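Structural overview
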Amino acid sequence: MRVAFEHVEKIFPGGVCALRDFSLSVADSEMLVLVGPSGCGKSTVLRTLAGLADVKSGTLRLDGR
């Protein structure tokens, strides 16, 4: 399954910006590892991909949809 985040922005209540203009494309059968310090948005990206978090703007595509 191909996954594409296109200019995604996620802002939490209180104005905390977790993702700003986030773009990423992962091809079918490609492996990806997210690493970074606490608070950089790793879990937010995964929660958005799982449909557990809504985004303010941008597009999330799964297999082109």
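Cut-offs used in this document
- Residues numbered from 1 in each chain as written.
- Predicted model: local features only at pLDDT ≥ 70, side-chain atom pairs only at ≥ 80, totals over all residues.
- Heavy atoms only, no water.
- Helix = DSSP H or I, 4+ residues; strand = E, 2+ residues; numbered from the N terminus.
- Rg over C-alpha atoms; globule rule 2.2 N^0.38 Å.
- Buried < 20%, exposed > 50% of the residue type's maximum accessible area, 1.4 Å probe, protein only.
- Contact = heavy atoms within 4.5 Å.
- Areas by Shrake-Rupley, 256 points an atom, 1.4 Å probe, with all protein chains shown as cover.
- Lys, Arg positive; Asp, Glu negative; His and termini not counted.
- Charge placed at Lys NZ, Arg CZ, Asp CG, Glu CD.
- Phe/Tyr/Trp six-rings, centres within 6.5 Å; stacked < 30°, edge-to-face > 60°.

1. Some points on the overall build of the protein chain
- Summing up its helical and strand segments, the protein chain has one helix and three strands in all.
- Ordered by position from the N terminus, the helices and strands of the protein chain form the series β-β-α-β.
- In terms of overall dimensions, the protein chain is globule-like: its C-alpha atoms have a radius of gyration of 12 Å, near the 11 Å expected for 65 residues.
- Expressed along its principal axes, the backbone C-alpha trace of the protein chain runs to roughly 35 × 25 × 20 Å.
- With 65 residues in all, the protein chain has 22% of them scored as buried.
- Partitioning the contacts of the protein chain with sequence separation of at least 6, the portion at a separation of at least 24 is 52%.
- Taken as a whole, the protein chain presents about 4600 Å² of accessible surface, with 55% of it coming from carbon and sulfur.
- Treating the 8 positive side-chain charges of the protein chain as one cloud and the 7 negative ones as another, the clouds have centres 7 Å apart.

2. Overview of the packing of aromatic side chains
- Here the structure, examined in full by the defined rule, presents one aromatic pair.
- Ring plane angle 75° and centroid distance 5.3 Å describe the contact between F5 and F22, whose orientation is recorded as edge-to-face. Placement of F5 in strand β1 (residues 3–12) and of F22 in strand β2 (residues 16–26) is noted, with a sequence separation of 17 residues between them.

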